[in-house]
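What follows is each chain in one-letter form.
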Amino acid sequence: MSPQPQAAVGAPLSRVDGRLKVTGQARYAAEFDIDGAVHAVIVDASIGRGRITGVDTDDAEAVPGVLRVIHHGNAPTLPYRDNSSGSNNLPGRKLRVFQDDRVLFHGQPVAVVVATTLEAAQHGASLVKVRYDAERPTTDLAEGEPGEPTGYARGDAEAGLRDADVRLDLTYRLARNHHNPMEPHATIARWDGNRLTVWDKTQWVYGTQLELSTVFGLPLDSVRVINPYVGGGFGSGLRCWPHTVVAGLAARITGRPVKLVLTRRQMYFGTGFRPSYDYRLSLGGDRNGRLVAADHRIDAETSSYETFTEAVMTPGQMLYSTPGVRQAYRTVPLDVHTPIWMRGPGAATGVFVVESAMDELAHELGIDPIELRRRNEPAQDPSSNAPFSTRRLLECYTVGAREFGWQRRKPKPRSTRDGDWLIGMGMAAGVYHTAVSPAQSRARLNADGTAVIECASSDMGPGTYTSQTQVAADALGLAVRAVDFRLGDSRYPQTPPHGGSQTMASVGSATLDVCNQLRRQAIRLAVEDEESPLHGVSPDDIVVRGGRLHVRGNPARGESYQRLLTRNGRARLEADASFTPPRGERFSISGYSATFTEVAVDATLGLVRVRRMLSVYDAGRIISPKLADSQAIGGMVGGIGQALLEHTVTDHRDGRIVNANLADYLVPVNADIPDLRAIYLDGEDYDADPLGVKGLAELVICGVAPALANAVFNATGRRVRELPITAEALL
C-alpha cells in the first residue's frame, strides 16, 4: 500500500498527558482511593547479617488502630510456586520475606505493622522490638570473595601489551549509585477471594504479575497489576521488590486492602542500585596511536543471595578496533540488597573506563583525543565481525567538534584560566546496544472516528503515551487528539520491561503493526463497498489523512472513517498485533554519541562547575524531538551526578547506608546545569526495527562522566580515576 503521510511523527508535540500531570489528575500508585484501605509500615532490620532471636510486638499491638503485626514467627508459609521463565525478576535464591529468621542485609523487612491510619502504623512500627544474633557483615567490595569470572577474549592481549610502545595500567573505582526517583515506591494490594489486584510502581507490569503469581501460588490471570503512571524510575522499577510481596501478604492476612509506601530512607535498601565497581584496565598502543591490546579485570558487587550482572564488558569489546582484548568480569557476593539496572546499565560504567583511558593515552602520545579515536574506528564490530547497521560516530565527532568549538581547546593542562578558575574541555564517545523485544498490542477504530490502542507498557517519564500516540496517529491517518493510547494494566497485551531503551523499538513496532492492520481493514471495506467513492480503487492507491480515506493525489475522492463504518453498520474495527524481532542478529546495532563539555575548577578549593555541555547522537529516527530533548538533557544531568556528586556511603561495621536521604546523597540541581544542548543526526535504521529507531534514553548518559573527567584533567592536570570526582581529589 502507499506510504502513509507522516504528520505527527517527527513533530515537536507536547505531551498528551501533560495537562493531567500538571493539574494533579494523573494518579500514581499510592494515590488510588481504594475503599476500606488500611496502611502498612515495614520494620527494617537494624543489623547487616545474622538471625532474629525474638520479636516483641506487645507495645505495637496496643496502639489504637493497629490491626496486625506480621513477621516470620506468625506469617503463613508462601508457596513460591515455580513460574520461572529464566528472568532475573523471578525468585531463585532470592529473599523470601517473613519465611525464616535469617537477616541478609541491613534494612531487610523483618516485620510489618498494619493499622487503620498511617500514623498508627508508623507509631506501631517504632515500638516493635526485634532481637538478633548479629554477625559482622561483609559490605566492602575490597573485602568480598569474588566468584568465578565471566570472560571474553580475542587475539593475544598478553603479547600485545608486552610489545606495546605505550602501556597504561589503570585502576578505576566507581561508587554505588541510587536511582532516587521523585515518586517513592508504593503498592496497594487488594484480594477478592483468590484473586489479587495491586496498584504498584513498576516498570514491568508483566514481571510484577509473574512474580506475585509465583510467590502466592496463583494462576497468572488471577493477578492484576495496574500502573498507569510512574513518577520516575531510572531502572529502580524493573523488578518486583519485597515490599510489594509484603503488601500482598498483609492484605491477605488482614482481609483488607493495604497501602504500603516506602520512605525515602527505605528506598536505599528496599530497592536496587547501580553496583560499585573496581575496574582495572591495561591498555597498549603504538606510537602512531593504534590500539594493540587491552586487558579488562572487573569486580562488581552483588548480593549474597542472588547474582546480578550487567553488560559492562560490551564497550571494551566493540567501541574501538583493538586486535588483542581480554576481559574477566567477577561478581563479588556481599551482605547487601540485590543491585538492579540503572540508567545506561553496564554501558555507562564501561564507557567511563574506556573513554577515560583513551583520553589518558591521547595525552601520553600527544595526539588530539578525537584524532586518536578516529585512528581506531572499526570497519565492522570487532567483537562479532558483524557489519554495523549504522555507525555514524565519526560524524558525531565532526559535528560536535564544530558546534562546540573544540579547536579552541588547549592540549596542555592548566593552560586556560578565568580568574581563580581553571578551565578545561573534554570529550568522550558513548555507545548503547539497541534492544528490541517481542511486544503485543490491540486496537480498535470506533465508528466516531476515534481509536483506542492498548498494551501493558509503562511510562516512567520518557513520554510513552505521547510517542506511541504519534505512531498510531500517523499509521491510522488520524489527528493526535483522536487517538487514546492506554498502558499500565496487566489485562492489556504483554510488553517487555520499560527499560533498556527498548520501549520505542518494541512497543512502537507493535503499535505500528496493529494500526496498519486497522487502516488496511478500513481500506478493504471501502474498496469492496459499492456505495463508497473508493469502490474498486486499488488499496495500494489509498492513503488516510485527518480520518479521511482518499486516493493518493486526489483528495476529493474519498470519505471519512466515520461515514464508512456507519454506513456499513460497524461499531468498530478491531485488530491484535504480536511483534517479534527477527531471530539472530545480522548486524551490530547500537546507538552512538559524542559528548563535549567545558568545566571550571576553583584552583584553591577544588570545586568543579560544569559550564556547558553538548552531545551529538546517532540514534536513528527521532519520533518526537521535544521528548528526545527531555531525554537527552535528563541523561546529561544524570551523568553530571554520576561524575561529580552521587555516592552511596555504607558503614561497613553494620551495613547501614549513612546518607540515605536527599540531603546527604547529592544530586544535581538547576545551578549545576547551566547550558546543555543535544543534536540528533538525521536518519533511520530499519535494520533495527520497523520504525527505524535505535533507542535514546540509556545512550544519553553514556559518555557524560568520562567527558567531565577528561575536562577536569585538561583544566587541572589531575587525573581522577574514582567516581565521583570530589574536591578532595583535586586539592
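Values in this document were obtained by computation on a predicted structure and should not be read as measured data. (Residues numbered from 1 in each chain as written. Predicted model: local features only at pLDDT ≥ 70, side-chain atom pairs only at ≥ 80, totals over all residues. Heavy atoms only, no water.)

It is worth spelling out the overall build of the protein at this point. When helices and strands are counted, the protein shows 17 helices and 30 strands. Here the C-alpha atoms of the protein give a radius of gyration of 27 Å, agreeing with the 27 Å that 2.2 N^0.38 yields for 731 residues. Within the protein, the fraction of its 731 residues that count as buried is 62%. As displayed, the protein has an accessible area near 27,700 Å², and 47% of this comes from carbon and sulfur atoms. The averaged location of the 84 negative side-chain charges in the protein is 2 Å from the averaged location of its 80 positive side-chain charges. (Helix = DSSP H or I, 4+ residues; strand = E, 2+ residues; numbered from the N terminus. Rg over C-alpha atoms; globule rule 2.2 N^0.38 Å. Buried < 20%, exposed > 50% of the residue type's maximum accessible area, 1.4 Å probe, protein only. Areas by Shrake-Rupley, 256 points an atom, 1.4 Å probe, with all protein chains shown as cover. Lys, Arg positive; Asp, Glu negative; His and termini not counted. Charge placed at Lys NZ, Arg CZ, Asp CG, Glu CD.)

Let us now look at helix α9 (residues 347–365). Under the 1.5 Å per step criterion, the end-to-end length of α9 is 26 Å for 19 residues, consistent within 8% with the ideal 27 Å. For α9, the buried fraction is high: 17 of the 19 residues fall into the buried class. Positive phi appears at glycine 366, one or two residues downstream of α9, with a value of about 70°. (Expected span 1.5 Å × (residues − 1).)

A separate point is the sheet that holds strand β7 (residues 150–154). The strand order across the open sheet formed by six strands is β7-β15-β14-β13-β8-β30, and the pairing between neighbours is mixed. Edge positions in the open sheet fall to β7 and β30 (722–723), since each of these has one partner strand only. Inspection of the sheet shows strand β13 (residues 277–285) paired to strand β14 (residues 291–303) by nine bridges, in the antiparallel sense. Across the sheet, residue glycine 285 finds its bridge partner in β14, namely leucine 291. Running over the sheet, α9 touches β8 (166–174), β13, β14 and β30 and is turned about 145° from β8. (Pairing = 2+ DSSP bridges. Contact = heavy atoms within 4.5 Å. Axes fitted to C-alpha atoms, helices over the stretch in contact; angles between N-to-C directions.)

Here leucine 118 is to be found in helix α3 (residues 118–127). The exposure class of leucine 118 is partly exposed, given its relative accessible area of 36%. Along the sequence, leucine 118 and glycine 65 sit 53 residues apart, while their C-alpha atoms lie 9.5 Å from each other. Ignoring sequence-local partners within four residues, the contact set of leucine 118 consists of His39 and Val41.

Read from one edge of the open sheet, seven strands run β3-β5-β1-β12-β9-β10-β11, paired in mixed fashion. Every other strand in the sheet has two partners, leaving β3 (66–71) and β11 (223–226) as the edge strands with one partner each. Recorded for the sheet is a direction-independent mean angle of 20° between the axes of neighbouring strands. By the bridge criterion, three bridges tie strand β1 (residues 38–44) to strand β12 (residues 258–261) in an arrangement that is parallel. Across the sheet, the residue bridging to histidine 39 is lysine 259, located in β12. The strands touched by α3 within the sheet are β1, β3 and β5 (109–115), with β1 carrying the most contacts at an inclination of about 20°. Packing of helix α5 (residues 205–216) onto the sheet brings it into contact with β9 (186–192), β10 (195–200) and β11, and relative to β11 it is tilted by some 145°.

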